[in-house]
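Report on the structure
One-letter residues, chain by chain:
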There are 2 protein chains.
Amino acid sequence: MGGDGGLSVTERTRLRRGKEKGSHRREDLHAVLAGGFLCHLGVVVDGAPMVVPTVYGVEGELIYLHGSVASRSLVQAPGAVVCVNVTQVDALVLARSVFEHSVNYRSVMIYGVPRLVTDPDEKLRGLRALSEQSAPGQWDYVRQPSRKELAATSLVALELTEASVKISAGPPDDGESPDAELGLWAGVLPIETRFGQLAADPVLPDGIEPPAHLTERQGQALGR
Amino acid sequence: MGGDGGLSVTERTRLRRGKEKGSHRREDLHAVLAGGFLCHLGVVVDGAPMVVPTVYGVEGELIYLHGSVASRSLVQAPGAVVCVNVTQVDALVLARSVFEHSVNYRSVMIYGVPRLVTDPDEKLRGLRALSEQSAPGQWDYVRQPSRKELAATSLVALELTEASVKISAGPPDDGESPDAELGLWAGVLPIETRFGQLAADPVLPDGIEPPAHLTERQGQALGR
């Protein structure tokens, strides 16, 4: 276990390779999680892995996951560990050799046993965190969940405890290698993810303007 | 099994929910795979799921995966199934209620038993497919792998057979519901991923210009 107030280090989250890129600092974990809203959830179903993309929300030291997959695995295998990965890709790293090509990214891996959220207050808080993660401002703008909708929604919580962060950044590694003599261009090609322009529902009546919390996101970068 | 020349339908890839969004058509599968280069690979390690982001390449009806994770799972559990997910997020779907909020996406799920590529010709072909997937043109521009580098690289192949595609597109569903009377704005907020401007390695000597196959990608959209 980490003794520095950081994240717990287990056999699964010990950083094996590229150690210089690894981190068990809570602030790095939260920075990566804050930059996204989609994770890839891994569960074991009938002995085989299943990887499902799904939205998440963060509140304090918990990550909330929505939908049926995590809760299905929870029902089928109570106490079973799941794995959550959140990755943002920042650039292609274009080196002087194929072998040194890579990708700059920030990636979080979380292991834990999901807990089904049954307390009504926590369920509302968790769903709000989930909604705010991708669409901040919408929870207070639109109609909030009815009792029936809440009952139809399953939510699970995972503690941000057994987790690790990997960050790869910077130029290619071969600038001082013999390959530098080849005279080839090398560097990075950044990848940028942005919100575009709002597109109204075709059946929206004339005269209903989008609220400021939506218009101000147009053109904004994600992932940071 | 699909009888229409499409992908094989098993218990795992049968589309359970949101059926209208599902597809087992090969062209849909290839369209989604062609729009990306990063997948999330799920394997089972010591009974727990592990989800790892990794690059992929497609050649014909094979997907090639790079690196050590797939081959580690292959060595630890020969014959074990892995799961590969490739997802592109296209928009936030902003409805009139929290409950109807969703995400527009295109997602591919592939199951299979990885095969370690040992034939030298196939290994070169697979690595080239992998390189071209993210950085087309670089394989022929930079130094190709040496014998030693090839030996240090592991590559696995998965058949694109047991696979499914899910595509979610369009405006929110509640335009004709009682919530439409609330007079709220509703629609979609697109998410666009683009290549930015090339940034040269800081140690690159003056006078080496980037080749056309790189400069022409600047500003280009990914994921389509």
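In this report, we go over the structure that sits alongside the text. The residue numbering used here restarts from 1 in each chain and proceeds along that chain's sequence as written. Labels follow written order: the first chain is A, the first ligand is 1, and so on. Whole-chain, interface and lining totals are the exception, using all residues; otherwise, since this is a predicted model, local features are given only for residues with pLDDT of at least 70 and side-chain atom pairs are given and counted only at 80 or more.

**Concerning the relation of the copies chain A and chain B**
- Each copy is superposed on the other by least squares, with the fit set by C-alpha atoms of residues at a pLDDT of at least 70 in both. The two copies are related by a screw motion: chain A maps onto chain B through a turn of 180 degrees and a shift of 0.0 Å along the axis, at an RMSD of 0.0 Å. The symmetry that links the two subunits is that of a two-fold axis. In terms of C-alpha distance to the rotation axis, chain A has A:T193 as its closest residue, with the C-alpha 2.1 Å off the axis.
- The contact rule is simple: place each C-beta atom from the backbone, and if two of them lie within 7 Å, those residues are in contact. By residue overlap, the copies meet face to face through one surface: 99% of the interface positions of chain A are interface positions in chain B.

**Some details on the environment of A:V203**
- The secondary structure listing takes helices from DSSP runs of H or I that are at least 4 residues long and strands from runs of E that are at least 2 residues long, numbered from the N terminus. Tracing the backbone through its elements, the reader meets A:V203 in the loop between β11 (199-200) and α6 (212-215).
- Distance in space between the C-alpha atoms of A:V203 and A:P171 is 48 Å, their sequence separation being 32 residues.
- With residues near it in sequence (within four places) discarded, A:V203 still touches B:G175 and B:E176.

**Some points on helix α1 (residues 26-34) of chain B**
All names here are of chain B.
- When we look at burial in α1, the residues that qualify are D28, L29, V32 and L33. The buried residues of α1 occupy one face: seen down the axis, they fall within an arc of 130 degrees. Summarising the geometry of α1, the exposed residues directed more than 90 degrees from the buried face are E27 and A34.
- Its buried side turned inward, α1 meets β1 (22-23), β3 (48-59), β5 (82-94), β6 (102-112) and β9 (162-168). Any residue with 12 or fewer other C-beta atoms within 10 Å of its own C-beta is exposed, any with 20 or more is buried, and the rest are partly exposed; the C-beta atoms used are placed from the backbone. Each direction from the helix axis to a C-beta atom contributes to the arc, which is the arc of those directions.

**As for the environment of B:V84**
All names here are of chain B.
- With respect to the helices and strands, the residue V84 is situated in strand β5.
- Linking V84 and L65, residues 19 residues apart in sequence, is a C-alpha distance of 9.6 Å.
- If near-sequence neighbours (up to four positions away) are discounted, V84 is found in contact with C39, L41, I63, I110 and L158.

**Things to note about the interface of chain A and chain B**
- On the chain B side, the residues contacting the 76 residues of chain A number 76 residues.
- For the side of chain A that touches chain B, the elements supplying multiple residues, two or more each, are β2 (38-45), β3 (48-59), β5 (82-94), β6 (102-112), α3 (120-134), α4 (138-141), β10 (187-195) and β11 of chain A.
- By residue class, the composition of the side of chain A that touches chain B is 48 nonpolar, 17 polar and 11 charged.
- The pairing criterion is simple: DSSP has to find at least two bridges between the two strands. Bridge analysis of β10(A) against strand β11 (residues 199-200) of chain B gives two bridges, and the strand direction is antiparallel. The residue bridging A:V188 from the neighbouring strand is B:A199, located in β11(B). Under this grouping Gly is polar, as are all residues other than the nonpolar Ala, Val, Leu, Ile, Met, Phe, Trp, Tyr, Cys and Pro and the charged Asp, Glu, Lys and Arg.

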